[in-house]
Amino acid sequence: MKKILFLALAMLTLGSQMQVSAAKKDKNEIKWEWDGTTSGNETIDKYLLQIDTLYNKVRDYKDNLEQYQLKDTTLCINGKYYQLNWMEDSQGQLLTRGTVNWQCVQAVTMGANIVLDMTSAGLGSATAALALPQLGFKALKFAKYVKGGPAVIQSGIESIKAVRGKWIGNSRKWKAVKDGAISDPTKIGFSPAVAEKLNECYYVKEITAESPEYEEVVKKFTGKTPEELAQEANGVANDIAKATVLPEDKSKSLDQMPSDDDLEKELG
C-alpha cells in the first residue's frame, strides 16, 4: 500500500514541476482550484490556507492597481510648452493628488510584502508534500492542491513584480513632475475653475530647453498655427472641466509624497 502511495505521490510531484513550468509560460494566469475542503492534517491544511490567502492577495493587488493609469499630455500656450500629468481609473475618473500619492506608496510597499510572504510560503511546500502519505487514500485528492502551491507562488511572485515594477516607474515620474509643478495654473492662462481642478488632480510642469523631452515636444507643435495651438489648449481645458473626480477616502490619501530618501528606501 505504501509503495502505491509513494509512487502516486512521485507522479504528482512531477506534475507539480510541470505546472510550475506552465505557470512561467503564462505569467498573467494564476490557477488555484482549492475549494476550501480541509484534510484533517494540520500541516497540509495550514499550507493550503496560506496559499489560498496569498492567491487572493495577489488577485486583489492586481485588480486594484491595474484599473489605474498615469497619463500625460503636452500643450503649447503663448509660445511655452507644458506637460500635464494625472491619474485616472478605468472609467476615466480622476484621482486626487493625495490618492495618487497613497496608491504609489501602497503599490510599492504592499507588493514587496506579498513577495516576501510568497517566498516564505514556498518554504512550506516540501513539508506539506512530505505530510501527504499520512492521509492514506485521501492523499490522492489533496496532493493536487498541494502540488498547485508552488505554481501559485511562482506565478504570484512574477505577477506582483510586474505590477510593482510599473508602479515604481509611476512613483518616480509622479514625484518628478510634482517637484517641478506650477503652483498657480491661472498664471499660464487657465481659468480659475479649471485651475482649481488642476490643483486637485493634476501637476502642470513647464517643458524647458533643459528638459529631456524638450525636442520631442517642440516637434509635436512645429508647423501649427497660433489658432490651432489655442484650440488644442481650449480642448484640453474643456475636457478637464467636464472630468469627474473620484471621492477621496481620507484613510487612503497622502497629502505629501515621502521625502527623496524615504521614497528611495520604499522603491528599493
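Residues numbered from 1 in each chain as written. Predicted model: local features only at pLDDT ≥ 70, side-chain atom pairs only at ≥ 80, totals over all residues. Heavy atoms only, no water.

Student: Let's hear about the overall build of the protein chain: which residues, and what values?
Tutor: Tallying secondary structure elements over the protein chain gives 9 helices and 3 strands in all. Among the 268 residues that make up the protein chain, the fraction classed as buried is 43%. Considering only contacts in the protein chain between residues 6 or more positions apart, those separated by 24 or more positions represent 78%. Of the roughly 14900 Å² of accessible surface on the protein chain, a fraction of 52% belongs to carbon and sulfur atoms. (Helix = DSSP H or I, 4+ residues; strand = E, 2+ residues; numbered from the N terminus. Buried < 20%, exposed > 50% of the residue type's maximum accessible area, 1.4 Å probe, protein only. Contact = heavy atoms within 4.5 Å. Areas by Shrake-Rupley, 256 points an atom, 1.4 Å probe, with all protein chains shown as cover.)

Student: Give a description of the layout of surface pockets that names residues and reports values.
Tutor: Space inside the largest pocket adds up to approximately 350 Å³. Lining of the largest pocket is provided by 20 residues; of these, N64, W102, Q103, M110 and K252 occupy positions nearest its centre. Put simply, the parts of the chain that give the lining of the largest pocket at least two residues each are α2 (42-65) and α3 (97-122). For the lining of the largest pocket, the leading source of residues is α3, giving 8 residues. (1 Å grid on protein atoms, 1.4 Å probe; cavity = no way out; pocket = protein on both sides within 12 Å on 5 of 7 lines; lining within 4 Å. Points joined across faces, edges and corners; volume = space filled by probe spheres on them.)

Student: Break down the side chain of Q83 for me, with residues and values.
Tutor: Relative to the helices and strands, Q83 is located in strand β2 (residues 80-88). At 3.2 Å, the side chain of Q83 forms a polar contact with the side chain of N85. The residues touching Q83, leaving out its near neighbours within four places in the chain, are D72, T73, T74, V177, Y203, V204, K205, I207 and E213. (Polar contact = N/O pair within 3.5 Å; in protein donor to acceptor, adjacent residues only side chain to side chain.)

Student: Any chance you could break down the pairing of strand β1 (residues 69-77) for me, citing the residues and the numbers?
Tutor: For β1 and β2, the ladder comprises 9 bridges, and the chain directions are antiparallel. From the neighbouring strand, C76 faces β2, where its bridge partner is Y81. Linkage of β1 to β2, two consecutive antiparallel strands, is achieved through a turn of 2 residues, within which N78 is found at a positive phi near 55 degrees. (Pairing = 2+ DSSP bridges.)

Student: Run through the sheet that holds strand β3 (residues 203-207), naming residues and quoting values.
Tutor: As summarised here, the arrangement of the 3 strands in space is β1-β2-β3, forming an open sheet in which the pairing is antiparallel. Looking along the sheet, the strands with just one partner apiece sit at the ends: β1 and β3. Averaged over all adjacent pairs, the angle separating strand axes in this sheet is 25 degrees, with direction ignored. (Axes fitted to C-alpha atoms, helices over the stretch in contact; angles between N-to-C directions.)

Student: Can you explain the side chain of T96? Please cite residues and give values.
Tutor: Mapped onto the elements, T96 comes out in the loop between β2 and α3. Side chain to side chain, T96 and T99 meet in a polar contact 2.9 Å long. Within polar-contact distance, the side chain of T96 engages the side chain of E248 at 2.5 Å. If we ignore the near neighbours within four places in the chain, the residues touching T96 are E200, C201, V245, L246 and E248.

Student: I'd like a rundown of the nonpolar core, residues and numbers included.
Tutor: L48, L132 and W167 are the most contacted members of the largest nonpolar core, which totals 42 residues. For this core, the secondary structure elements donating two or more residues are α2, α3, α4 (125-131) and α5 (139-179). When residues in this core are grouped by element, the largest group, 13 residues, is from α5. The next biggest cluster of nonpolar side chains, apart from the first, holds 18 residues, and it includes L94, V204, A237 and A243. (Core = buried A, V, L, I, M, F, W, Y, C linked by side-chain atoms within 4.5 Å.)

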